[in-house]
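Here is what each chain is made of, one letter per residue.
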Amino acid sequence: MHRPLLAALLACALPFGAMADNDDDESKFGLAGVLSAKNKEDLEPIQLGAGIPLTSAPWHLKSGTYYEFEIQGDGSQELALVGPEFFRAIWIDEIVVEGLEIRPLGLDSVEFDEAGEMEIGFLAIKPGSYYLKIPGSTGETQRLEITIE
């Protein structure tokens, strides 16, 4: 195929304005804007401690929205938080621990051996019902119900 013809076909295939050089969020984050500040919501922190409810209410998330939340471990005992199905239904952008940014390919669980905080930023993707819970616990307050619509 000739280069001029290929260039013309590519130009026609790109959405209108995709080649424009402007500084709005659309040009920085693509037409979907999934990583723009307008598409970000903060969630209630998860409290990780012996006998403490994880959150005050279930999470209701929207697919395609970027969320951030903190996990705050009080150090009362060594505790983990598991939710493999939930972690596979989201795209994890980053996990921040004491200023260190981690960009994992996936996650199954996290564990706090002592007091500390962790922040997780993610994009909700796959609709469904999920949970995060303290492994081995049976109490309702030790389980966070999550719905992605």
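Our subject is the structure listed above.
Notes on the structure follow.

### Notes on the overall build of the protein chain
Argument step 1. A count of helical and extended segments in the protein chain gives three helices and eleven strands.
Argument step 2. Along the chain direction, N to C, the helices and strands of the protein chain fall in the order α-α-β-β-β-β-β-α-β-β-β-β-β-β.
Argument step 3. Among the 149 residues that make up the protein chain, the fraction classed as buried is 32%.
Argument step 4. Here the analysis covers contacts within the protein chain between residues at least 6 apart in sequence; of these, 70% occur between residues at least 24 apart.

### Here's the deal with a nonpolar patch on the surface
Argument step 1. On the surface, L35, W91 and I125 cluster together into a nonpolar patch covering about 280 Å² of accessible area.
Argument step 2. Along the polypeptide, I125 turns up in the loop between β9 (116-124) and β10 (128-133).
Argument step 3. With relative accessibility at 43%, the residue I125 sits in the partly exposed group.

### So, the pairing of strand β6 (residues 90-97)
The two faces of a sheet get side chains in turn, since along a regular strand they alternate between them.
Argument step 1. Relative to β9, β6 runs antiparallel, the two sharing six bridges. Across the sheet, I90 pairs through a bridge with A124, a residue of β9.
Argument step 2. As judged from the three bridges shared by β6 and strand β7 (residues 100-102), these two strands associate in the antiparallel manner. Across the sheet, the residue bridging to V96 is E101, located in β7.
Argument step 3. The turn joining β6 and β7, which pair antiparallel and follow one another in sequence, is formed by two residues; a positive phi near 50° is taken by E98.

### Thoughts on the pairing of β9
Argument step 1. Alignment of strand β4 (residues 66-73) against β9, held across eight bridges, turns out to be antiparallel. Within β9, the position partnered with I71 by the bridge is M118.

### Regarding the packing of aromatic side chains
Argument step 1. On inspection of all chains with the given rule, the structure shows six aromatic pairs.
Argument step 2. Taking the centre distance of 5.6 Å and the plane angle of 55° together, the rings of F86 and F87 count as tilted. With respect to burial, F86 and F87 carry one shared label: buried.
Argument step 3. Here a set of aromatic residues connected by ring pairs shows up, and it is made of W59, Y67, F69, F86, F87, F122 and Y130.
Argument step 4. The cationic tip of R143 hangs over the ring face of Y131; the distance from NZ or CZ to the ring centre is 4.1 Å.

About the thresholds
Residues numbered from 1 in each chain as written. Predicted model: local features only at pLDDT ≥ 70, side-chain atom pairs only at ≥ 80, totals over all residues. Heavy atoms only, no water. Helix = DSSP H or I, 4+ residues; strand = E, 2+ residues; numbered from the N terminus. Buried < 20%, exposed > 50% of the residue type's maximum accessible area, 1.4 Å probe, protein only. Contact = heavy atoms within 4.5 Å. Patch = residues over 30% accessible without salt bridge, like charges linked within 9 Å, V, L, I, M, F, W, Y side chains within 5 Å. Areas by Shrake-Rupley, 256 points an atom, 1.4 Å probe, with all protein chains shown as cover. Salt bridge = Lys/Arg side-chain N within 4 Å of Asp/Glu carboxyl O. Pairing = 2+ DSSP bridges. Phe/Tyr/Trp six-rings, centres within 6.5 Å; stacked < 30°, edge-to-face > 60°. Lys NZ or Arg CZ within 6 Å of the ring centre and 35° of its normal.

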